[in-house]
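Geometric and topological summary
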Amino acid sequence: MRKSFAIGIGFAAALVATVALARPPGPDEIGEFYFYYDAAGNVVGSAELSCAGVLTESGVRTAKYSSGHMICPPPRD
């Protein structure tokens, strides 16, 4: 019983890891943005993490993408 439970937990962990790795990257830094393209080179999605730290996504993420950084103003004291 314990052995089959451990094997089940192992398979579940492997599945979660595979799903996490399969998603194309997105913004994880302030001011970073991504554009996602289909096979023909058309934009089919985008994602950005604004200078205020707000994540905005539209469309779909694909394996073909380009990324960049916005120029954010320095924080006011």
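Each value, and the rule that gives it
Residues numbered from 1 in each chain as written. Predicted model: local features only at pLDDT ≥ 70, side-chain atom pairs only at ≥ 80, totals over all residues. Heavy atoms only, no water. Helix = DSSP H or I, 4+ residues; strand = E, 2+ residues; numbered from the N terminus. Polar contact = N/O pair within 3.5 Å; in protein donor to acceptor, adjacent residues only side chain to side chain. Contact = heavy atoms within 4.5 Å. Pairing = 2+ DSSP bridges. Axes fitted to C-alpha atoms, helices over the stretch in contact; angles between N-to-C directions. Disulfide = S-S within 2.5 Å. Buried < 20%, exposed > 50% of the residue type's maximum accessible area, 1.4 Å probe, protein only. Salt bridge = Lys/Arg side-chain N within 4 Å of Asp/Glu carboxyl O.

The next thing to look at is the side chain of Glu32. As for its placement among the helices and strands, Glu32 is situated in strand β1 (residues 32-37). Only 3.4 Å separates the side chain of Glu32 from the side chain of Tyr34, close enough to count as a polar contact. For Glu32, the residues in contact, after removing those within four places along its chain, are Gly26, Pro27, Ala47, Glu48, Leu49, Gly68, His69 and Met70.

Along the chain, the position of Ser50 falls in the loop between β2 (43-49) and β3 (55-59). When residues no more than four places from it in sequence are discounted, the contact partners of Ser50 are Ile30, Gly31 and Met70.

Let us look at the sheet that holds β1. Read from one edge to the other, the open sheet built from 4 strands follows the order β3-β2-β1-β4, with strand pairing classed as antiparallel. Because the sheet does not close on itself, it has two edges, and the strands there are β3 and β4 (64-69). Ignoring which end each strand starts from, the neighbouring axes of this sheet average 10° apart. In this structure, β1 lies alongside β4, joined through 6 bridges in antiparallel fashion. In the strand pairing of β4, Glu32 is matched with His69.

All right, on to the state of the cysteines then. The full count for this structure, using the stated rule, is 1 disulfide. The disulfide partner of Cys51 is Cys72, and the gap between their sulfur atoms is 2.0 Å. When the S-S torsion is -80°, as for the bridge of Cys51 with Cys72, the disulfide is left-handed. Placement of the pair is Cys51 in the loop between β2 and β3 and Cys72 in the segment after β4, with a sequence separation of 21 residues. On the accessibility criterion, Cys51 (33% relative accessible area) is partly exposed.

Attention shifts here to the pattern of salt bridges. Within the structure shown, the criterion is met by 1 salt bridge. Among the ionic pairs, Glu57 bridges to Arg61, the shortest N-O distance being 3.0 Å.

This part is about the pairing of β3. Across 5 bridges, the pairing between β2 and β3 is antiparallel. In the sheet register, Leu49 faces β3, and the bridge partner there is Leu55. Counted between consecutive antiparallel strands, the loop separating β2 from β3 contains 5 residues, among which Gly53 sits at a positive phi close to 90°.

Shape is all these values report; function is a separate question.
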